[in-house]
Amino acid sequence: MRQGVIDMAVGSTINWSPQVKELKLFTPPFLMPSYKSIDALTEGKVGAEIFASVDKASILPLAWGENGYRKISNSKHEIRKPEDIKGLKFRVVGSPIFNETFIALGANPMQMSWADAQPALASGAVDGQENPFSIYGASKLYTVGQKFVTLWGYMADPLIFAVSKQV
């Protein structure tokens, strides 16, 4: 958008946080226990301050959107308690807090792009992944062996609807 290649976008706070550091507010695990707590942040003073930071990055934020809580899926077994995650290889996004969270839980996180994730899941190079449930369905992860889904809601991933300031 800043380069004028696209006019509008809907972006995840995770994906935009390298450019707008304030968006990292949403990445600490287990910080926001409900949609009500997320709404309290995004719809109040904090949300306005974050939008001001996005605006300083030459993007005009229009509205917050819901992307849901992130879930985990894997090809090995059900995860019902924290120790069930030990030893599993998970694809995670390229953010240190994701690596640290999965290491703390005893998993083996592997940072990789989403483009590399599906082949890695299909080949067994990684056992699982974490994303909002909408990605699980839209990407048909069940077709690459992801038969176990854990609805643990450890992290929220709000969206921002935005438009290029040039537009």
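Attention in this report is confined to the structure presented alongside it. (Residues numbered from 1 in each chain as written. Predicted model: local features only at pLDDT ≥ 70, side-chain atom pairs only at ≥ 80, totals over all residues. Heavy atoms only, no water.)

1. A short note on the layout of surface pockets
Gaps left between atoms show up when a probe the size of a water molecule is rolled over them. Reported here for the largest pocket is a volume of approximately 260 Å³. The wall of the largest pocket is formed by Met 1, Arg 2, Gln 3, Val 5, Asn 15, Trp 16, Gln 19, Val 20, Val 54, Ala 57 and Ile 59. For the lining of the largest pocket, a count of residues per class yields seven nonpolar, three polar and one charged. Considered as a void within the structure, the second largest pocket measures approximately 160 Å³ in volume. Along its surface, the second largest pocket is lined by Ser 12, Ile 14, Asn 15, Asn 67, Arg 70, Arg 91, Val 93, Trp 114, Asn 131, Pro 132, Ile 135 and Asp 157. (1 Å grid on protein atoms, 1.4 Å probe; cavity = no way out; pocket = protein on both sides within 12 Å on 5 of 7 lines; lining within 4 Å. Points joined across faces, edges and corners; volume = space filled by probe spheres on them. Nonpolar A, V, L, I, M, F, W, Y, C, P; charged D, E, K, R; others polar.)

2. Some remarks on the side chain of Thr 27
The topology assignment puts Thr 27 in the loop between α1 (13–16) and α2 (35–42). By relative accessible area, which is 8% here, Thr 27 ends up buried. Looking at Thr 27, its side chain comes within polar contact range of the main-chain oxygen of Lys 24, at 2.8 Å. Not counting chain neighbours up to four residues away, the residues in contact with Thr 27 comprise Ile 14, Ile 97, Phe 98 and Met 155. (Helix = DSSP H or I, 4+ residues; strand = E, 2+ residues; numbered from the N terminus. Buried < 20%, exposed > 50% of the residue type's maximum accessible area, 1.4 Å probe, protein only. Polar contact = N/O pair within 3.5 Å; in protein donor to acceptor, adjacent residues only side chain to side chain. Contact = heavy atoms within 4.5 Å.)

3. Some words on a nonpolar patch on the surface
Nonpolar side chains collect at one region of the surface, where Met 8, Val 10, Leu 60, Leu 62 and Phe 161 lie side by side and expose about 450 Å² of accessible area between them. At the level of secondary structure, the elements contributing two or more residues to the nonpolar patch comprise β1 (8–12) and β2 (59–65). Mapped onto the elements, Phe 161 comes out in strand β8 (residues 159–164). The class of Phe 161 is partly exposed, set by a relative accessible area of 37%. (Patch = residues over 30% accessible without salt bridge, like charges linked within 9 Å, V, L, I, M, F, W, Y side chains within 5 Å. Areas by Shrake-Rupley, 256 points an atom, 1.4 Å probe, with all protein chains shown as cover. Salt bridge = Lys/Arg side-chain N within 4 Å of Asp/Glu carboxyl O.)

4. What to know about unusual backbone geometry
Positive phi values are uncommon outside glycine, yet Phe 30 reaches one of about 60°. Locating Phe 30 in the fold gives a position in the loop between α1 and α2. We classify Phe 30 as exposed; its relative accessible area is 52%. Notably, Lys 140 is not glycine yet its phi reads approximately 50°, a positive angle. For Lys 140, the location among the structural elements is in the loop between α6 (133–138) and β7 (148–150).

5. Quick look at the packing of aromatic side chains
Enumeration over the complete set of coordinates arrives at 11 aromatic pairs. Ring centres of Phe 102 and Tyr 154 lie 6.1 Å apart, and the angle between their planes is 90°; on these two criteria the pair is classed as edge-to-face. Note that Phe 102 is positioned in helix α4 (residues 96–104) and Tyr 154 in the loop between β7 and β8, a separation of 52 residues in sequence. Residue Phe 102 is classed as buried on the basis of its relative accessible area of 0%. Residue Tyr 154 is classed as buried on the basis of its relative accessible area of 2%. Taken together, the ring pairs in this structure connect Phe 30, Phe 90, Phe 102, Trp 152 and Tyr 154 into an aromatic cluster. (Phe/Tyr/Trp six-rings, centres within 6.5 Å; stacked < 30°, edge-to-face > 60°.)

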